[in-house]
Amino acid sequence: MAKTKTEFICSECDDMCSFHIQKYRFTKDELAGFIKAYKAFKATSPYSDMACGLHLEGPFFSKSNGKSKGAQRGDFIRDIDFAEVDELLSLADGDIIRWDGAPEIKNSERFAKLLTDKGIMCAVAHTNATAEEAQQGFMSGFSHVTHFYNATTAYMKREQKVT
């Protein structure tokens, strides 16, 4: 039963529930299709008020460490392309609420700043960053870590990493 336009009481847990829709492992065209499908869902579904927005997990991750890619397909991991980012942000028109990336890749500081300036949460994920690279990412706008201790660089006594 909906309490307000944006609140939903779950019949399973009798608590307020909402969700954001996540997409990973995608080409640019598949991601654009995903955003269009979300918009159609928001326009037509009786459950659309439960959906808070989109969470994009990538595709701008580290290519340097096969272990940190997790379930991501290596052939979909790519460098930050700001023409693609701008196109997807325009298509989403405010529906992206979180976008994950790796702070050590080229242009990640600009990516994080662009997202945070638009009110989008930028999270560290699938990274091989050093502690210094991660810190620089947090200073640039990354504010969360996805898969903490999983798909991030591990703590090592003599070599500080993300965790």
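Predicted model, so just to flag it, every value in this text is computed and none were measured.

A. Structural view of the pairing of strand β5 (residues 96–101). Counting buried positions along β5 yields five of six residues, so the element is predominantly enclosed. Relative to β5, strand β4 (residues 51–57) runs parallel, the two sharing four bridges. Counterpart to E57 in the pairing with β5 is D100. Examined bridge by bridge, β5 and strand β6 (residues 121–124) share four bridges and lie parallel to one another. Note that in β6 the partner of G101 across the bridge is V124. In this fold, the crossover linking β5 to β6 by way of helix α3 (residues 108–117) has right-handed handedness.

B. Main features of the environment of K118. Mapped onto the fold, K118 is located in the loop between α3 and β6. For K118 and I97, which are 21 residues apart along the polypeptide, the C-alpha to C-alpha distance reads 9.4 Å.

C. Representation of the side chain of S108 within the structure. Within the element layout of this structure, S108 appears in helix α3. A polar side-chain atom of S108 sits 3.1 Å from the main-chain carbonyl oxygen of I105. Not counting residues up to four positions away in its chain, the partners in contact with S108 are I80, A102, P103 and F142.

D. Up close: the nonpolar core. Counting 27 residues, the largest nonpolar core has I96, W99 and F111 as its most contacted members. When neighbours within four sequence positions are excluded, F111 is seen to be in contact with F60, I80, F82, V85, W99 and C122.

E. Geometry of the pattern of salt bridges. Counted according to the given criterion, the structure contains four salt bridges. E87 serves as the salt-bridge partner of K28, at 3.1 Å between the closest nitrogen and oxygen. Taken together, the residues span a long stretch of sequence, with K28 in helix α1 (residues 28–44) and E87 in helix α2 (residues 82–92) at a distance of 59 residues. In this structure K28 comes out as partly exposed when scored by relative accessible area, which is 32%. Classification of E87 by relative accessible area gives partly exposed; the value is 38%. One salt bridge connects D100 with R98, and the closest N-O pair in it is separated by 3.2 Å.

F. Focus on the packing of α1 against α2. Viewed as axis vectors pointing N to C, α1 and α2 meet at an angle of 15°, and their least axial separation amounts to 10 Å. The orientation of α1 with respect to α2, classified from their angle, is roughly parallel. In terms of crossing hand, the pair formed by α1 and α2 is right-handed. Residues K28, L31, A32, I35, K36 and K39 of α1 form the contact with α2, whose participating residues are E84, E87, L88, L91 and A92.

G. View of the environment of L88. When you line up the elements, L88 lands in helix α2. Given the relative accessible area of 1%, L88 is considered buried. Distance from L88 to L31, taken between C-alpha atoms, is 8.0 Å for residues 57 residues apart in sequence. Discounting residues that sit within four places of it in the chain, L88 has contacts with K28, L31, A32, I35, I96 and W99.

Cut-offs and rules
Residues numbered from 1 in each chain as written. Predicted model: local features only at pLDDT ≥ 70, side-chain atom pairs only at ≥ 80, totals over all residues. Heavy atoms only, no water. Buried < 20%, exposed > 50% of the residue type's maximum accessible area, 1.4 Å probe, protein only. Helix = DSSP H or I, 4+ residues; strand = E, 2+ residues; numbered from the N terminus. Pairing = 2+ DSSP bridges. Right-handed = clockwise from strand over helix to strand, strands pointing away. Polar contact = N/O pair within 3.5 Å; in protein donor to acceptor, adjacent residues only side chain to side chain. Contact = heavy atoms within 4.5 Å. Core = buried A, V, L, I, M, F, W, Y, C linked by side-chain atoms within 4.5 Å. Salt bridge = Lys/Arg side-chain N within 4 Å of Asp/Glu carboxyl O. Axes fitted to C-alpha atoms, helices over the stretch in contact; angles between N-to-C directions. Parallel < 35°, antiparallel > 145°, perpendicular 65-115°, else oblique. Left-handed = near helix turned anticlockwise from the far one by under 90°.

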